[in-house]
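Each chain, written out:
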Amino acid sequence: MPLHKQLPEALREVDIIIAGGGTAGCIVAGRLAAADPTLSILVMEWGRNNHEDPLVVNPAFWRFLFPPAAKSSIFYMGNKAPQLADRTPIVPAGGILGGGSSINVQMYTRAQRSDIDSWNTPGWSTKDLIPYMKKLETYHGPGSLSTHGTTGPVHISDGGYRSKAIMNDLLQAASSMGYPEITDLQDLDSNNGYQRWLRNNSPEGKRQDTAHRYLHPLLYDGDRFPNLHVLVETKVSRVLFSGDENRATGVEFLPNPEFISTIPAPAPGVPRRVTARKMVVLSAGACGSPLILERSGIGSFDILTKAGVEKSLVDLPGVGHDYQDHNLTVALYKTSLAEGETPDDLYASQAMPDGGGVTPQDWIEKDDPMRRWNTVDIAAKIRPTVDEVAELGEEFGKAWERDFQHNPNRPLMLSAVLAGCLSPIAVPKGQYLSIVNYTAYPYSRGHIHITSADDTKPTPLDFNVGYFTDKHDLDIKKLVWAYKKTREIMRRTKHYRGEVAAGHPAFPPGSAASCLELPVETSLVEYLKQQQEGQTNGNSNGVHTTSNPVIRNLVYSKEDDEAIEKWLRETVNTTWHSLGTCKMAPREQKGVVDDKLNVYGTKGLKVVDLSIVPENVGANTCNTAMIIGEKGADLIAREVLGKELGFEGALL
């Protein structure tokens, strides 16, 4: 099997080098190798092999892949951010074969039709990309197959386990707040409702990461693909060029110091080189690809000079510019769900490694059906009402009219209900639900750049995540609205037993919006009835009634709104949805690649990952990365093999 931790001496030259074995890179490699087994391909991956890792293939264990000890992520440290309560944000990215598709929450979420059309690039409209969307998937969900595929490598399904108690309760509550259940929110057009969310999982409950679906079937298929090679635990430092046309001829790389104890000689810090006869493809992600370009002499000359880059080749100010992410918040709720209806016992083992709770191995050994559950049964793409838009102020109203009002295809917010305590806070034993809201199209922008050309030792990045830097604080207003709206939905569920105060804003004393914590046996309706009957807080002057009270929306004061904003600044985080740092756009618009994904000012160098996305998408980004991988593979095949790959989904 041609999977290595050290590059064999005999493998010093290949046809194509793919720098990054992430979500898109694995697709490119698998499609090209399947199309022409004589083509020699080398995938160079920063992280470790993921093959049949139980934490990867079992959907429920995604959370165990996040800590640094799991060695599955790359952690990019941002600049200290005054607007984020002086925090130093950290943005993780997939650092394992398969990239983000190997460690994410596996939500099957597609961009909206208007998202892709907004890229305004020939060959990249929604109409152009639907064949690639269909090609990559085998869809087992509801709705029309007009936009879904039936023969692709990635299975889309329920994943083998759902919690009906959570699902039905949330859908009914959302409906009472004006958000209907929508059969298929991933048909590119539907919007403003909740769905029984599908997963990037097989019907039997196995994660569908792109390494397992595109790469491993070829690597482990005997000797049929001897020219496909994967080098793991390796850090690509820079691209090598020759000639006046800046033709990419190979890469310089180092053993990844994160894995140095498992990698044989040569010693760390000693760069090595490998040559590409036909092409170099960067697929290191929105945080990785621009850094490789800058170390290679491609980027803003001012930035390259300050970083000490030996030779500046192409002045491309767009490299590392326009960093985007979805801004995420988590609100935690106590529930009356029974033990075993959430994964909190599993999460307890992570919080208390010396005892308490069950472990992933426990679930594997007893074949617990919950190991097939990604814990997300319900999610949504939602918009505010006309009245709610007006309440968010004049500047927000202007932005709404410009960007949303006449385009009902665009959600303002993405929202998901995750079973279990997702917040990094200590909670008593119990069963919790986490409401995760993340902005679909943040206005804020950031940047990521090198500060040193030397990649042999740790050096800080100039990484401004940009969260909450937009004029008029529109991104904050979006999340204030989403917090209030989803809190009201949660309050109308049968299982709601109040807010976990540490996972919510610190409302001022006496606030009508203060957090409530109820006994497990007491619902909100029962609590309100007790209030009316004078049985709460010793109040004997309550109004007696025999009818159930109506749950009314909480009323927030100016001080309450300030508390929410303070909480947002203190807790807003990455959604792991970084994109836009090598965007596909005209060069004069700070574009880095053209419509064929060629890096401006070079030959034989393409970028194929989420960094090329010019405008954000109202979706979790994994599906978009897969589409880019499929389209990128086709573009490379036309150029290198002289043929199109076609739209038949099956890999072999």
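Residues numbered from 1 in each chain as written. Predicted model: local features only at pLDDT ≥ 70, side-chain atom pairs only at ≥ 80, totals over all residues. Heavy atoms only, no water.

Bringing the overall build of the protein into the picture now. When helices and strands are counted, the protein shows 17 helices and 24 strands. Relative to its length of 652 residues, the protein is compact, with a C-alpha radius of gyration of 25 Å against a globular reference of 26 Å. Along the first, second and third principal axes, the C-alpha set of the protein runs to 90 × 55 × 50 Å. Looking at the 652 residues of the protein, the share that counts as buried comes to 60%. A sequence separation of at least 24 residues applies to 72% of the contacts in the protein between residues at least 6 apart. Accessible surface for the protein amounts to roughly 24700 Å². Of this, 51% is attributable to carbon and sulfur atoms. (Helix = DSSP H or I, 4+ residues; strand = E, 2+ residues; numbered from the N terminus. Rg over C-alpha atoms; globule rule 2.2 N^0.38 Å. Buried < 20%, exposed > 50% of the residue type's maximum accessible area, 1.4 Å probe, protein only. Contact = heavy atoms within 4.5 Å. Areas by Shrake-Rupley, 256 points an atom, 1.4 Å probe, with all protein chains shown as cover.)

A word on the environment of Asn327. Note on placement: Asn327 falls in strand E16 (residues 327–335). It is 9.6 Å that separates the C-alpha atoms of Asn327 and Ser444, two residues lying 117 residues apart in sequence.

Here the focus is the pattern of salt bridges. Per the counting criterion, the structure on display carries 46 salt bridges. Residues Arg224 and Asp221 are paired through a salt bridge, measuring 2.9 Å at the closest nitrogen-oxygen approach. Taking relative accessible area as the criterion, Asp221 reaches 23% and is therefore assigned partly exposed. Of the charged contacts in the structure, one is a salt bridge between Glu252 and Arg273, with a shortest N-O distance of 3.2 Å. Here the residue Glu252 occupies a position in strand E11 (residues 247–255), and Arg273 occupies one in strand E12 (residues 272–282), the gap between them amounting to 21 residues. In this structure Glu252 comes out as buried when scored by relative accessible area, which is 13%. Arg273 gets classed as partly exposed once you look at its relative accessible area, which sits at 44%. Overlapping salt bridges, with partners in common, bring together Asp158, Arg162, Arg199 and Asp377 in one network. (Salt bridge = Lys/Arg side-chain N within 4 Å of Asp/Glu carboxyl O.)

So, about the sheet that holds strand E15 (residues 321–323). Reading across the sheet, the three strands line up as E15-E20-E21 and stay open at both edges, with antiparallel pairing between neighbours. Across the chains shown, the open sheet's two edge strands, defined by having one partner strand only, are E15 and strand E21 (462–464). Averaged over all pairs of adjacent strands, the angle between strand axes in this sheet comes to 40°, irrespective of strand direction. Pairing of E15 with strand E20 (residues 446–449), which is carried by two bridges, proceeds in the antiparallel orientation. By the bridge assignment, His321 is partnered in E20 with His447. Sitting on the sheet, helix H8 (residues 285–295) is in contact with E15, E20 and E21, with an inclination near 50° to E20. (Pairing = 2+ DSSP bridges. Axes fitted to C-alpha atoms, helices over the stretch in contact; angles between N-to-C directions.)

This part covers the layout of surface pockets. Remark: the empty space left among the atoms is shown by a probe the size of a water molecule rolled over them. Reported here for the second largest pocket is a volume of approximately 530 Å³. Elements with a contribution of two residues or more to the lining of the second largest pocket: helix H12 (386–391), helix H14 (474–491) and helix H16 (558–571). Here the lining of the second largest pocket takes seven residues from H14, the largest share from any one element. (1 Å grid on protein atoms, 1.4 Å probe; cavity = no way out; pocket = protein on both sides within 12 Å on 5 of 7 lines; lining within 4 Å. Points joined across faces, edges and corners; volume = space filled by probe spheres on them.)

For the rest of this paragraph, the subject is the packing of aromatic side chains. Each aromatic ring pair is described using two quantities: the centre-to-centre distance and the angle formed by the ring planes. Within this structure, the stated rule accounts for 16 aromatic pairs. Between the aromatic rings of Phe61 and Trp363, the centroid separation amounts to 6.3 Å while the plane-to-plane angle is 40°, which identifies the pairing as tilted. Placement of the pair is Phe61 in the loop between helix H2 (54–57) and strand E4 (73–77) and Trp363 in helix H11 (residues 360–365), with a sequence separation of 302 residues. Residue Phe61 shares its accessibility class with Trp363, and that shared class is buried. Centroid distance Tyr132 to Phe647: 5.0 Å. Interplanar angle 80°. Geometry classified as edge-to-face. Of this pair, Tyr132 sits in helix H5 (residues 126–136) while Phe647 is found in the segment after helix H17 (622–640), placing the two residues 515 residues apart along the sequence. Ring pairs connect the aromatic residues Phe61, Phe64 and Trp363, which therefore count as one cluster. Above the plane of the ring of Tyr347 lies Arg63, whose end atom (NZ or CZ) is 4.3 Å from the centre. (Phe/Tyr/Trp six-rings, centres within 6.5 Å; stacked < 30°, edge-to-face > 60°. Lys NZ or Arg CZ within 6 Å of the ring centre and 35° of its normal.)

On to the pairing of E12, then. Bridging between strand E2 (residues 13–19) and E12 involves six bridges; their strand directions are parallel. Of the residues in E12, the one forming a bridge with Ile16 is Met279. Relative to E12, E11 runs antiparallel, the two sharing four bridges. In the sheet register, Gly250 faces E12, and the bridge partner there is Thr275. Summarising the sheet, E12 and strand E24 (residues 605–607) pair through three bridges and their orientation is parallel.

The next subject is the packing of helix H1 (residues 23–35) against H17. At a minimum axis distance of 8 Å, the contact between H1 and H17 shows a crossing angle of 35°. Taken as a pair, H1 and H17 cross one another with a handedness that is right-handed. On the side of H1, the interface is formed by Thr23, Ala24, Ile27, Val28, Arg31 and Leu32, while H17 contributes Cys622, Ala625, Met626, Gly629, Glu630, Ala633, Ile636 and Ala637. The residue inventory of the contact of H1 with H17, partitioned by class, reads ten nonpolar, two polar and two charged. (Left-handed = near helix turned anticlockwise from the far one by under 90°. Nonpolar A, V, L, I, M, F, W, Y, C, P; charged D, E, K, R; others polar.)

So, on to a nonpolar patch on the surface. Together, Phe75, Met77 and Ile90 give the surface a local cluster of nonpolar side chains, amounting to about 280 Å² of exposed area. Tracing the sequence through the fold places Ile90 in strand E5 (residues 90–94). (Patch = residues over 30% accessible without salt bridge, like charges linked within 9 Å, V, L, I, M, F, W, Y side chains within 5 Å.)

This brings us to the pairing of strand E10 (residues 234–242). Burial within E10 is extensive, with seven of its nine residues counted as buried. Examined bridge by bridge, E10 and E11 share eight bridges and lie antiparallel to one another. Its bridge partner being in E11, Phe241 is matched across the sheet by Ala248. Hairpin connection, E10 to E11: the antiparallel pair is bridged by four residues, and Gly243 has positive phi, about 80°.

As a further point, take unusual backbone geometry. Even without being a glycine, Asn120 presents a positive backbone phi close to 55°. Mapped onto the secondary structure, Asn120 falls in the loop between helix H4 (113–117) and H5. Judged by its relative accessible area of 69%, Asn120 is exposed. The residue His472 is not glycine, and still its phi comes out positive at about 75°. Note that His472 resides in the loop between E21 and H14.

This paragraph deals with the packing of H1 against helix H7 (residues 210–219). Two elements in contact, H1 and H7, have axes separated by 8 Å at closest approach and are oriented at 30°. Of the possible angle classes, the one that applies to H1 and H7 is roughly parallel. H1 and H7 meet at a crossing whose hand is left-handed. Residue-level contacts link Thr23, Cys26, Ile27, Ala29, Gly30, Arg31, Ala33 and Ala34 of H1 to Thr210, Ala211, Tyr214, Leu215 and Leu218 of H7. Of the residues assigned to the contact of H1 with H7, the class counts are nine nonpolar, three polar and one charged. (Parallel < 35°, antiparallel > 145°, perpendicular 65-115°, else oblique.)

Take the environment of Phe463 next. Within the secondary structure, Phe463 is located in strand E21. Linking Phe463 and Asp128, residues 335 residues apart in sequence, is a C-alpha distance of 34 Å. Those residues in contact with Phe463 that sit more than four places away from it in its chain are Tyr76, Met77, Gly78, Asn79, Val91, Cys287, Tyr323, His447 and Ile448.

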